[in-house]
Amino acid sequence: MNTSPHVRRFAELRLTDRPTVGGKGASLGELTFAGAPVPPGYVVTTAAFEAFLSALDPDGGIRTAIGALDSEDTEAIARVAGPVRERIEAAELPEEVAAAIRGHYRALDGESDTPGEPAPVAVRSSATSEDAEDASFAGLQDTYLWVRGEDSLVENVRRCWASLYSVESVSYRRRLGLPEHDLAMAVVVQRMIDPRCAGVMFTRSPLTGDRSVVALEGSWGLGSALVSGDVTPDKYVIGKVTGDICSRTVSAKLRQHRMDPSGSGVLEEDVPDHLREEPCLSDEEIHALVRLARRIESHYGSPQDIEWAISRNLVPGQNIFLLQSRPETVWASRGTTPAAAPKARAFDHVLSLLGGTGSPGGTR
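Rules of the game
- Here the residue numbering is sequential within each chain, running from 1 through the sequence in written order.
- With the structure being a predicted model, the display of local features is reserved for residues of pLDDT at least 70 and the display and counting of side-chain atom pairs for 80 or more, all residues being used for whole-chain, interface and lining totals.
- Each side-chain value is worked out from all heavy atoms of the structure, with water and hydrogens disregarded.
- Put simply, DSSP H or I for four residues or longer makes a helix, DSSP E for two residues or longer makes a strand, and each gets a number counted from the N terminus.
- Buried, partly exposed and exposed residues are distinguished by accessible area as a fraction of the type maximum, computed with a 1.4 Å probe on protein chains only: under 20%, between the cut-offs, and over 50%, respectively.
- Surface accessibility in these figures is a Shrake-Rupley result with a 1.4 Å probe; residues are shielded only by whichever protein chains are displayed.
- A pair of strands is considered paired only if DSSP assigns at least 2 bridges between the two.
- Salt bridges are counted wherever a side-chain nitrogen of Lys or Arg sits within 4 Å of a carboxyl oxygen of Asp or Glu.
- Patches draw on residues past 30% relative accessible area with no salt bridge. Two like charges within 9 Å are joined, as are two nonpolar side chains (Val, Leu, Ile, Met, Phe, Trp, Tyr) within 5 Å.
- Under the convention used here, Asp and Glu are negative, Lys and Arg are positive, and both His and the chain ends fall outside the count.
- A charge is said to be at NZ when it belongs to Lys, at CZ for Arg, at CG for Asp and at CD for Glu.
- Think of a nonpolar core as a cluster: buried Ala, Val, Leu, Ile, Met, Phe, Trp, Tyr and Cys residues, connected wherever their side-chain atoms sit within 4.5 Å.
- The contact rule is simple, with two residues in contact once any of their heavy atoms fall within 4.5 Å.

Caption draft 1: Focus on the overall build of the protein. Within the protein one finds ten helices and 13 strands. Scored against the burial criterion, the 364 residues of the protein give a buried share of 55%. Element-wise, carbon and sulfur atoms account for 49% of the exposed surface of the protein, whose accessible area totals about 15100 Å².

So, in structure tokens, the structure goes:
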């Protein structure tokens, strides 16, 4: 396949590529380099975003107008940002950008599990400042799950770009004083798996800061149910050295998100009665996840917040995937003294940082 500045495969990326592929894209490239089990995919780069925005707004008026906004004036932000989103969602992509996106999708499509059907992908925003240790855009831009077909993919890439100009995202950037002219949006396009269960794990306790344990949470179906707060997950604390499961809480998991049987989008539904109080993970799966968590923490050299999923269709030993890893932020900026009271759930700490928003059936 011809190379293009507008699209880069995960296998070509490292963390140092953050300026051109954003936080999520760079992390997925680094995870792939580290040998982690990552579903294949590619990133629509910031060069594609710049080419699109230059065609749409050649005089740079959008960035100038956003950069002049007062972070406290929500009405003004909505008044300016709303039309910008509409313009982006309605605009055509430059021909070379659309061709690169479509061509790389066809390569993924050729690996579809169901011949004759378009490959399902997650389309995930990847802002160039997100998932850094000093700022997190996670949950402030859009994610679209179970997208099928070239036309739908192009439409959802545009929607991800447009989400850079949501009221929440613009307000956050203005509060931090981030320069608009240095900000761009990449978009991750990643093959989706159909997860039996999914969740998150932290390589230090979000409740106590203890680095000798892995805190693990999971629920049935896509991880988006956990992130959105629709379900109370199963929770485990596992010793890194011994592998002992120090704490185990199996919750009544009443809701789940799963693939729409029609083949596009996500359904929210009740968990079948016989599964509600069953653990979503076996002990063998817990230990396999912890081994991965230790390996990824060692690779990065710092505590990590890791998204995972277990396929319902693949055999044990080949069914565990990592969807994202980012620096743990709850304790990284605290030292030894908690800056806030402990939360009831590990993931509540992340949600509190995001103002209660989330996206990573990919879960985030």
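Caption draft 2: Structural view of the pairing of strand β3 (residues 121–127). Taken across its seven residues, β3 has seven buried, putting it largely inside the fold. Residues of β3 alternate between two faces, with V121, V123, S125 and A127 on one and A122, R124 and S126 on the opposite face, all of them buried. Note that β3 and strand β4 (residues 143–147) share three bridges and pair antiparallel. Bridge pairing in β4 links V123 to Y144. Pairing analysis gives seven bridges linking β3 to strand β5 (residues 185–191), with the strands arranged antiparallel. Within β5, the residue paired with A127 across the bridge is M185.

Caption draft 3: Main features of the pattern of salt bridges. The final tally for this structure, using the stated rule, is 24 salt bridges. Its salt-bridge partner being R204, residue E328 comes within 4.0 Å of it at the nearest N-O pair. In this pair, E328 is assigned in the loop between β13 (320–327) and α10 (346–353) and R204 in the loop between β6 (195–202) and β7 (213–220), connecting sequence segments 124 residues apart. Under the relative-accessibility criterion, E328 is labelled buried at 4%. Between D283 and R248 there is a salt bridge, with the nearest N and O atoms lying 2.9 Å from each other.

Caption draft 4: Local environment of a negative patch on the surface. The grouping of D70, E72, D73 and E75 at the surface amounts to a negative patch. As for its placement among the helices and strands, E72 is situated in the loop between α3 (61–67) and α4 (74–90).

Caption draft 5: Representation of the nonpolar core within the structure. Grouped together as the largest cluster of nonpolar side chains are 44 residues, with contacts concentrated most on Y42, V44, I101, V123, L153, W161 and Y165. Once residues lying within four places of it in the same chain are set aside, the contact partners of V44 are H6, I101, V157, W161, A186, V187 and V189. Listed in part, the 34 residues of the second largest apolar core include L28, C280, A293 and L322.

Caption draft 6: Region of the structure containing unusual backbone geometry. At W146, a position not held by glycine, the phi torsion is positive, near 60°. Summarising the element assignment, W146 is placed in strand β4. Look at W146 and you get buried, because its relative accessible area is 4%.

Keep in mind that these numbers describe shape and distance, not what the molecule does.
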